[in-house]
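What follows is the residue order along each chain.
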Amino acid sequence: MTRNKPIRIRNLIMLTLAGAINAIGVTLFLAPVQLYDSGISGTSMLLAQLTPERFSLSLFLILLNVPLFLYGLKRQGGRFTFYAIYTVAVYSACAWLITDVLPLDVRASSPLAGTDLLLCALFGGLISGGGSGIAIRFGGAMDGIEVMAVIFARRMGLTVGSFVMLYNVILYIFCGALMQSWILPLYSILAYAAALRAVDFIVDGIDRSKCAIIVTTRPEEICAALSTAFESGMTRVDARGGFSNTYQAMIYFVVNRFQVTKMKDIVHEIDPLAYITISEVADVFARNQSAPGAD
């Protein structure tokens, strides 16, 4: 919302899609069979079940999420807060349309999966997770608990992921105790796991890049060979052995998972004693996006 960070129409279109997708996953698959989403969305579903009909899922989504996003305004910034509130508003509106306006009966079973808890958990989790992933990818959020995790996790000595997981564990325990059944919370955990995989797929993509750090005494030959084979650059850092005190070099090189074996073969053919570590990277940003590495 600032001059340096204007609201983008493309982001609003994708966040609208994200809210609609999330509503489909929750209202057509999870809510009809009393499975629970994670975070504030799951809390809203539980409260909607425990209160009179006039207190709907859509109402609780707004009442619980918006104050959390506004509380995190200073920490997260105006544009993120606007995107997040907008996404939740779309999610809430679409949930209301599906449950109260469209000619769909979602009171006791899923229109698509019936009362099959496994199908509802898997597809509900995947679809709602897909919506959450799109929201994250385009600068917003679907759930205020993530904002609270960023603000309070460190104060509690937890990571953001641990904070969210702890909240969800407590939520599912409450659901089981209040509903006097542990079957539905257990299936809800399955839905949560499916949603996490969907979020990872949307945010990080199906094929994460791999970062290779190569420690070698023959950096010129290895750099030349890798550059020729993959037509990409790399970063070289001079170094010394910790015990031998001999000259070595560290080469930082990014490849995809299909190129890892070829890269290792090239390196070890030149320097059989080269030390290679491989780790995943979530994103690669470079001026030339066609190249997996950069000079």
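Colleague: I keep staring at the overall build of the protein and nothing clicks. Help me out?
Modeller: Check the secondary structure of the protein and you find eleven helices and four strands. Relative to a compact globule of 295 residues, whose C-alpha radius of gyration would be 19 Å, the protein shows 24 Å and is clearly more extended. When burial is assessed residue by residue, the protein has 42% of its 295 residues classed as buried. When contacts within the protein are restricted to residue pairs at least 6 apart in sequence, long-range pairs at least 24 apart make up 73% of them. When the accessible area of the protein is evaluated, it comes to approximately 16100 Å², of which 62% is carbon and sulfur surface. Taking the average place of the 22 positive charges on the side chains of the protein and the average place of its 20 negative ones, the gap between the two points comes to 9 Å.

Colleague: What exactly am I supposed to notice about the pairing of strand S1 (residues 209-216) here?
Modeller: Pairing of S1 with strand S4 (residues 275-281), which is carried by seven bridges, proceeds in the antiparallel orientation. Across the sheet, Ile-213 pairs through a bridge with Thr-277, a residue of S4. Two elements, S1 and strand S3 (residues 247-255), share seven bridges in a ladder whose sense is antiparallel. Bridging across to S3, Cys-211 finds its partner in Val-254.

Each value, and the rule that gives it
- For every chain, the first residue of the written sequence is number 1, and numbering continues from 1 along that sequence.
- Owing to the predicted nature of the model, reporting of local features is limited to residues with pLDDT of at least 70; listing and counting of side-chain atom pairs is limited to 80 or more, with chain, interface and lining totals taken over all residues.
- Excluded from the side-chain calculation are hydrogens and water; included are all heavy atoms of the structure.
- Numbering goes from the N terminus for both helices and strands, where a helix is a DSSP run of H or I of at least four residues and a strand is a run of E of at least two.
- Throughout, the radius of gyration refers to the C-alpha atoms, and the reference size of a globule is 2.2 Å times the residue count to the power 0.38.
- The cut-offs for exposure are 20% and 50% of the maximum accessible area for each residue type, with area from a 1.4 Å probe on protein chains only; residues under the lower value are buried, those over the upper are exposed, and the others partly exposed.
- For this analysis, residues touch if any pair of their heavy atoms sits within 4.5 Å.
- The Shrake-Rupley method, run with a 1.4 Å probe sphere, supplies the accessible areas, and residue values consider only the shown protein chains as cover.
- Positive residues here are Lys and Arg, negative ones are Asp and Glu, while His and the chain termini are left out of the count.
- In plain terms, the charge of a residue is placed at NZ if it is Lys, CZ if Arg, CG if Asp and CD if Glu.
- Think of it this way: DSSP has to see at least two bridges between two strands before they count as a pair.

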